[in-house]
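Results of the structural survey
The residues making up each chain are set out below.
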Amino acid sequence: MKKKPVSGQEVPVGMESEFEKLLSQRRSTRAFTGEPIGRAAIEHILRLARTAPSGANLQPGRFHALTGAALEGLVQSLKAAIAAGEPQSREYSYFPEPMPRELKARQVAAGYALYAALGIERRDIEARQRQFERNYEFFGAPVGIVVTIDRAMGKGCFMDLGMSLMALLLAAEDQGYAATGIGALAQYGPVVHRHLGLPEGEMVVCGIALGVADRDAPVNQVRTEREELPVFSRFYGFDLNS
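Described in the following lines is the structure provided in the data block.

Rules of the game
Residues numbered from 1 in each chain as written. Predicted model: local features only at pLDDT ≥ 70, side-chain atom pairs only at ≥ 80, totals over all residues. Heavy atoms only, no water. Buried < 20%, exposed > 50% of the residue type's maximum accessible area, 1.4 Å probe, protein only. Helix = DSSP H or I, 4+ residues; strand = E, 2+ residues; numbered from the N terminus. Pairing = 2+ DSSP bridges. Salt bridge = Lys/Arg side-chain N within 4 Å of Asp/Glu carboxyl O. Contact = heavy atoms within 4.5 Å. Core = buried A, V, L, I, M, F, W, Y, C linked by side-chain atoms within 4.5 Å. Lys, Arg positive; Asp, Glu negative; His and termini not counted. Phe/Tyr/Trp six-rings, centres within 6.5 Å; stacked < 30°, edge-to-face > 60°. Lys NZ or Arg CZ within 6 Å of the ring centre and 35° of its normal.

1. So, the pairing of strand β2 (residues 143-150)
Burial of β2 is extensive: seven of the eight residues sit out of reach of the surface. Here strand β1 (residues 62-67) pairs with β2 via six bridges, running antiparallel. Considered in β2, the bridge of T67 is made with V143. As defined by bridge partners, β2 adjoins strand β4 (residues 202-211) across eight bridges and the pair is classed as antiparallel. When the sheet's bridge partners are listed, I149 is paired in β4 with M203.

2. Some remarks on the pattern of salt bridges
For the structure on display, the rule yields eight salt bridges. The shortest N-O distance in the salt bridge between E43 and R47 comes to 3.9 Å. Here E43 and its partner R47 are both found in helix α2 (residues 39-49), four residues apart, which amounts to about one turn of the helix. A relative accessible area of 29% means that E43 is categorised as partly exposed.

3. Regarding the environment of L185
With respect to the helices and strands, the residue L185 is situated in the loop between β3 (178-182) and α7 (189-196). L185 sits in the buried class, given a relative accessible area of 0%. Spatially, the C-alpha atoms of L185 and S89 are 9.9 Å apart, while their sequence positions differ by 96 residues. Discounting chain neighbours no more than four positions away, the residues touching L185 are L78, Y136, F138, V146, V192, V204, C206 and G207.

4. Looking at the side chain of T180
Looking at the element boundaries, T180 is found in strand β3. Apart from residues lying up to four places away in sequence, T180 is in contact with S28, T29, F139, G207, I208 and A209.

5. Quick word on unusual backbone geometry
For the bond running from E97 to P98, omega is 0 degrees, close enough to zero to count as cis. Turning to its location among the elements, P98 is positioned in the loop between α3 (68-83) and α4 (101-117). The phi angle at N57 is positive, at roughly 55 degrees, despite the residue not being glycine. Inspection of the secondary structure assignment puts N57 in the loop between α2 and β1. Although it is not a glycine, F138 adopts a positive phi angle of roughly 55 degrees. Mapped onto the secondary structure, F138 falls in the loop between α5 (125-133) and β2. Residue class for F138 comes out buried when judged on its relative accessible area of 0%.

6. What about the nonpolar core?
Counting 27 residues, the largest nonpolar core has F63, I145, V147, L168, I208 and L210 as its most contacted members. Within the residue set of this core, elements represented by two or more residues are α2, β2, α6 (155-174) and β4. For this core, the element with the most residues is α6, which contributes seven residues. Excluding anything up to four places from it in sequence, V147 contacts R62, F63, L161, L165, M203, V204, V205, C206 and I208.

7. Things to note about the side chain of D160
Inspection of the secondary structure assignment puts D160 in helix α6. For the buried residue D160, which engages in no salt bridge, the nearest side chain bearing the opposite charge is R50, 8.4 Å off. Not counting residues within four places of it along the chain, the set of residues in contact with D160 comprises P53, S54, G55 and P60.

8. Thoughts on the packing of aromatic side chains
Here the structure, examined in full by the defined rule, presents six aromatic pairs. With a centroid separation of 5.8 Å and 50 degrees between ring planes, the pair formed by Y92 and F158 is classed as tilted. One end of the pair, Y92, is in the loop between α3 and α4; the other, F158, is in helix α6, and 66 residues separate them in sequence. A relative accessible area of 27% means that F158 is categorised as partly exposed. Arranged with centres 6.1 Å apart and planes meeting at 75 degrees, the rings of F132 and Y136 form a pair that is edge-to-face. Looking at F132, the relative accessible area reads 31%, which means it is partly exposed. Within the aromatic cluster, the residues linked to one another by ring pairs are Y92, Y94, F95 and F158. Sitting over the face of the ring of Y92, R90 holds its NZ or CZ atom 5.6 Å from the ring centroid.

Here it is, written out as structure tokens:
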């Protein structure tokens, strides 16, 4: 049965839906218990992810799921490339260039919150770099997912892929797992491309670390703030009392 829409300015106390709870409890997880996840569970999550909206039903994006020796092999290839000084290479722009001051402040605040939870001092560059390189270890998660998209797809298809990624994250959360996106993986897209033998037309977009969250890990206690509604929203034609 569908929930009846709630009218009024605020949702009454006690009316929080299961979906709202799911959204509020989901967070980026960077420490896992190591408990393995079977293929059937991953297949179920990926099928749910693919139900996301898609313009003209193009369904852009592919998901390459790895675990065990397959995941460790990719991690070792990435670590070897970093150790050898292989230059970073990104095929698409993630952040605005130049970064506006207000957005830079938000980025810095998020980084400080993460490093503070880990006990890393602001000027400890080596420790910060080691933590950043945890991205390429998929934060020790038992499952790593490489997300790709056909290079011929238009910019709008990245929006469709983003909706599919959000569906994936929520599906994982709903199944009792935790996950985090790894945009940094695209910086070594060629390494991933070579290791997995991806088709020439596939572009590495990001990675996803997925597993059972270590609830006691300090890094998993970090929660970034979100803007207040008036900052990012405008309303036209609404009755203030409706």
